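Overview (structure and organization)
Okay, here's what each chain looks like letter by letter:
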Amino acid sequence: MFQQPLTLIKGIGEKKAQKLKKIGLVTYQDVLYDYPFRYVDRRKIRHVSEINHDEVGVIEAKIIRKRTKFLQNTKKEMLILDVTNGYYTGEIIFFSASYIIGHFQENNAFFFHGKIEKNGPSFKMIQPEYAPIKERSFLSIVPVYNATLGIHQSELVSLHKQVLSYCLANLEETLPESLIKMADLSTLSFALKEIHFPSSKASYKAAKNRLVYEELFFLQLRLILLKRNYHKPVLKPYVIDHQIKSYEARLPFELTESQKKVMLDIFEDMKSGYSMNRLIQGDVGSGKTVIAFLTLLAAVSNKMQGTLIAPTTLLAEQHYENFKALYPDITSCLLTSNISAAEKRKLKVSIKNGDIMVVIGTHAVLQDDVIFQRLGVVVTDEQHRFGIRQRLQALQKSERPHALIMSATPIPRTLSLIIYGDMDVSLIEQMPQGRKPIKTHFINKSKKEEMFTFVQGKLNEGRQGYIVCPLIEASETLDLNSATEIYEEMRNRFDSFKVGLIHGRMKASDKEQLMHEFKSGTIDLLVSTTVIEVGIHVANATVMVIMNTERFGLSQLHQLRGRVGRGDEQSYCFLVSEKLSATAKLRIETLVNSGDGFFVAEKDLEIRGPGEVFGLRQHGIPELKLANLAQHKEVVADVQRHIRTILDEYNMNNKDYVELINRQSVNLEKWFTL
């Protein structure tokens, strides 16, 4: 029944159905879950004297006279009702007299709802909603829906009422009764009725709570079911012995206490006899790569292969070069799309034969013809750049390999519970010794010359810098700095230095060449778009200038800032903006006052919401209609706790939960944009 088309409803023909389709309404179910985006409270009748000028309210007024006026511009008649409300007299004005003039009779009283314009003892209302006073149902909380051209709000309200009356009697509960009691939720039929047509604030709150919980419950349950088979036993627990200590001893520095703690977490996972499924979160430059190397080497020392997958060729190359420099005796290779077909064939044979123990690469590692003989661990770098399907592809290259996932994008705890459902999480909370906090400054128009003089000074000292712009080329509609314009300006301003330009429209090979030149020091100043957000480690780059800061999100600005401050020298980030909204001011204040990526991420989640910040769709996560991850942190935690209980009950063959989980396990891909 719920999948029946809306054309079965009287008054909805093919034309109207096509208009409804534009706002996502095709079936009864679509209408049930098409929630109002706001409500109008028409329950209280007020006297005109109680309503302020330009305030919206409901009045009861008696019609003294009705008259029409011809509008020359539109060639239509305007209807004017002269009305009285006690001491006050007023005019109620409608611009389409021919349609409604017959609705009103002199000496009859009506409810009117709209904005009141007051002028002494007289008032005016233009195009208000109305109803005869015998229609007491007018005095209610009224939903307002997303509409489309050719469909009026009154038609949408009527449609939702009809569908609810058809469906509620036949509505099946989506949650087991025991879970409804455990979470103290209302029934689904109550929730859907009250979310559309709330009878009170309390009933609306209960309805919303039920529907928010349900959204988050099914989202997290499906994610956990998608990933739960990672934790199957491996054939043999790993041995972590003196050999690993010898690999650690080769590092040219001592691990921080935070890094040591994370390594202990990883080694405990590998010794447990169960597949590791761990997320490592650490701010830009906190030393995650070393953790990755030691994890790969733990697999090697147990005669297993390991792979490290990075989102860009440049990052993969950097990881490979660093690994080879530290561990030249370990057979390793670089596998990216840049490698010739003949070389790839040779490498794939060696990987399959088990001659190569460590494979470092990009998405090229995920191709079906890359076969490992005995893959023991998969490390994914910059995890926010990969979706669920890509993560699964890597893990399906072996029978339950250990999975280590690294993210330099600090993710608020609430969001990591969603995206990384059942993973264990370790945090690297210390920066390596010698790293200085990046000094961050806001620059307006009056300070730009002073800033560029400072940049010149740093270039004179032999340092390098970045200038980031929001656009590649100048726009006729947007007054923003473009990379091409700034590049020309910087070439003239810093004519004794080599200035480079890099952006997303360039060929991959050209981008890589430029980044290599920057890394080697051939280029002094790199003008860029956000393509450098996930870049390479250039310790000599100490200055970052971000133009039109208001165009970037907080987490993105923090990632860009992290391109500097990679060495022992003091680094600087300048946030340049001339047009600051309240939100942009909040972003800049946050960055100037804090270098803590987790604090920045929490603020970004509050300001922009999870979908904008972290691109939830790329993780395969469907849109949340009512739930808000910034506002509903407690509900997320409750859902997590309840799911753990449900999975325990499922394992004990509790009939209710066996049915629930089996139903959700079927065709999981249809729930996710994988």
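Everything numeric here is computed off the predicted structure, so don't read it as measured data. (Residues numbered from 1 in each chain as written. Predicted model: local features only at pLDDT ≥ 70, side-chain atom pairs only at ≥ 80, totals over all residues. Heavy atoms only, no water.)

Further remarks concern the overall build of the protein chain. From N to C terminus, the protein chain includes 23 helices and 21 strands. With 674 residues in all, the protein chain has 51% of them scored as buried. In the protein chain, 73% of the contacts between residues at least 6 apart in sequence involve partners at least 24 apart. Entry remark: accessible area of the protein chain is about 32000 Å², with carbon and sulfur atoms responsible for 49%. (Helix = DSSP H or I, 4+ residues; strand = E, 2+ residues; numbered from the N terminus. Buried < 20%, exposed > 50% of the residue type's maximum accessible area, 1.4 Å probe, protein only. Contact = heavy atoms within 4.5 Å. Areas by Shrake-Rupley, 256 points an atom, 1.4 Å probe, with all protein chains shown as cover.)

Strand pairs in the sheet, formed through backbone hydrogen bonds, run parallel or antiparallel to each other. Read from one edge of the open sheet, 6 strands run β16-β21-β20-β17-β19-β18, paired in parallel fashion. Since the sheet does not close on itself, it has two edges, and those belong to β16 (439-443) and β18 (499-502), each with one partner. Averaged over all adjacent pairs, the angle separating strand axes in this sheet is 15°, with direction ignored. The pairing of β16 with strand β21 (residues 572-576) spans 5 bridges and is parallel. Opposite T440, over in β21, you have C573 as the bridge partner. In this fold helix α17 (residues 508-520) packs onto β17 (464-468), β18, β19 (525-528) and β20 (541-546), with an angle of close to 145° to the strand it touches most, β18. (Pairing = 2+ DSSP bridges. Axes fitted to C-alpha atoms, helices over the stretch in contact; angles between N-to-C directions.)

Before going further, it helps to spend a moment on unusual backbone geometry. At N107, a residue that is not glycine, the phi angle is positive and equals roughly 75°. If you trace the backbone, N107 turns up in the loop between α3 (97-100) and β5 (109-119). Positive phi, normally seen in glycine, also occurs at K303, with a value near 60°. A relative accessible area of 63% means that K303 is categorised as exposed.

Before going further, it helps to examine the nonpolar core. Counting residues in hydrophobic clusters, the biggest one holds 56 residues, and the most contacted among them are L6, L159, V163, Y213, L216 and F217. Sorting elements by how many residues they give to this core places helix α7 (residues 201-227) first, with 12 residues. If you look at the next biggest cluster of nonpolar residues, it comprises 34 residues, including V262, M263, M357 and V377. (Core = buried A, V, L, I, M, F, W, Y, C linked by side-chain atoms within 4.5 Å.)

Time to look at the packing of helix α8 (residues 242-249) against helix α10 (residues 288-301). Axis angle and axis distance: for two packed helices, these are the angle between their axes and the distance between the axes, and together they describe the pair. Following both chains from N to C, one finds α8 and α10 inclined at 145°, their axes separated by 10 Å at the closest point. When the axes of α8 and α10 are compared, the crossing they make is right-handed. For the pair α8 and α10, the contacting residues are Q243, I244, Y247 and E248 in the first and L294, L297, A298, V300 and S301 in the second. Tallied by class, residues from the contact of α8 with α10 come to 6 nonpolar, 2 polar and 1 charged. (Left-handed = near helix turned anticlockwise from the far one by under 90°. Nonpolar A, V, L, I, M, F, W, Y, C, P; charged D, E, K, R; others polar.)

Attention shifts here to the environment of S154. Structurally, S154 can be placed in helix α4 (residues 153-167). Under the relative-accessibility criterion, S154 is labelled exposed at 54%. C-alpha separation for the pair S154 and P143, spaced 11 residues apart in sequence, amounts to 9.8 Å.

Before going further, it helps to examine the packing of aromatic side chains. What the rule picks out here adds up to 20 aromatic pairs. Through a chain of ring-to-ring contacts, the aromatic side chains of F94, F104, F110, F112 and Y130 assemble into a single cluster. Directly above the aromatic system of F138 lies the positively charged group of R42, at a separation of 3.8 Å from the ring centroid. (Phe/Tyr/Trp six-rings, centres within 6.5 Å; stacked < 30°, edge-to-face > 60°. Lys NZ or Arg CZ within 6 Å of the ring centre and 35° of its normal.)

Before going further, it helps to examine helix α11 (residues 313-326). With 14 residues, α11 should cover 20 Å at 1.5 Å per step; its first-to-last C-alpha distance of 20 Å lies within 8% of that length. Regarding α11, the residues found buried are T313, L314, L315, A316, E317, Q318, H319 and F323. Elements in contact with the buried residues of α11: α10, β10 (305-309), β11 (332-335), β12 (358-361) and α17. (Expected span 1.5 Å × (residues − 1).)

Let us now look at the side chain of R566. Inspection of the secondary structure assignment puts R566 in the loop between α18 (554-561) and β21. A distance of 3.3 Å separates a polar atom in the side chain of R566 from the backbone oxygen of G562. If we skip the residues at most four places from it in the chain, R566 touches V284, G285, R435, H537, V538 and A539. (Polar contact = N/O pair within 3.5 Å; in protein donor to acceptor, adjacent residues only side chain to side chain.)

As a further point, take the pattern of salt bridges. This structure, assessed with the given rule, holds 28 salt bridges. Across the salt bridge formed by K16 and E155, the nearest N and O atoms sit 2.5 Å from each other. You can see K16 sitting in helix α1 (residues 14-22) and its partner E155 sitting in helix α4, a full 139 residues away along the chain. Of the residues examined, K16 reaches a relative accessible area of 27% and is grouped as partly exposed. Linking R67 and D82 is a salt bridge whose minimum nitrogen-to-oxygen distance equals 2.9 Å. (Salt bridge = Lys/Arg side-chain N within 4 Å of Asp/Glu carboxyl O.)

As summarised here, the arrangement of the 7 strands in space is β11-β12-β10-β13-β14-β9-β15, forming an open sheet in which the pairing is parallel. The outermost strands of the open sheet, each flanked by one partner alone, are β11 and β15 (424-428). Taken over all neighbouring pairs, the strand axes of this sheet differ in orientation by 20° on average, direction set aside. Bridge count for β10 against β12 is 4 bridges, and the pairing is parallel. Along β12, the bridge assignment pairs I309 with G361.

Turning our eyes to something else, we now look at the side chain of T542. The topology assignment puts T542 in strand β20. For T542, the contacting residues outside a window of four places in its chain are K458, R463, Q464, V564, E569, Q570, S571 and Y572.

Here we come to helix α23 (residues 655-665). Along α23, the residues classified as buried are Y657, L660, I661 and Q664. Along the long axis of α23, the arc covered by the buried residues comes to 90°, so they all point the same way. Two to three positions downstream of the cap, the backbone nitrogen of D656 sits 3.0 Å from a side-chain oxygen, assigning the N-cap of α23 to N654. (Arc of directions from axis to C-beta.)

It is at 11 Å that the axes of α10 and α11 come closest, and there the two elements cross at 60°. Comparing their axes, α11 and α10 come out oblique. Crossing angle aside, the handedness with which α10 passes α11 is right-handed. Residues T289, F293 and L297 of α10 form the contact with α11, whose participating residues are H319, N322, F323 and L326. (Parallel < 35°, antiparallel > 145°, perpendicular 65-115°, else oblique.)

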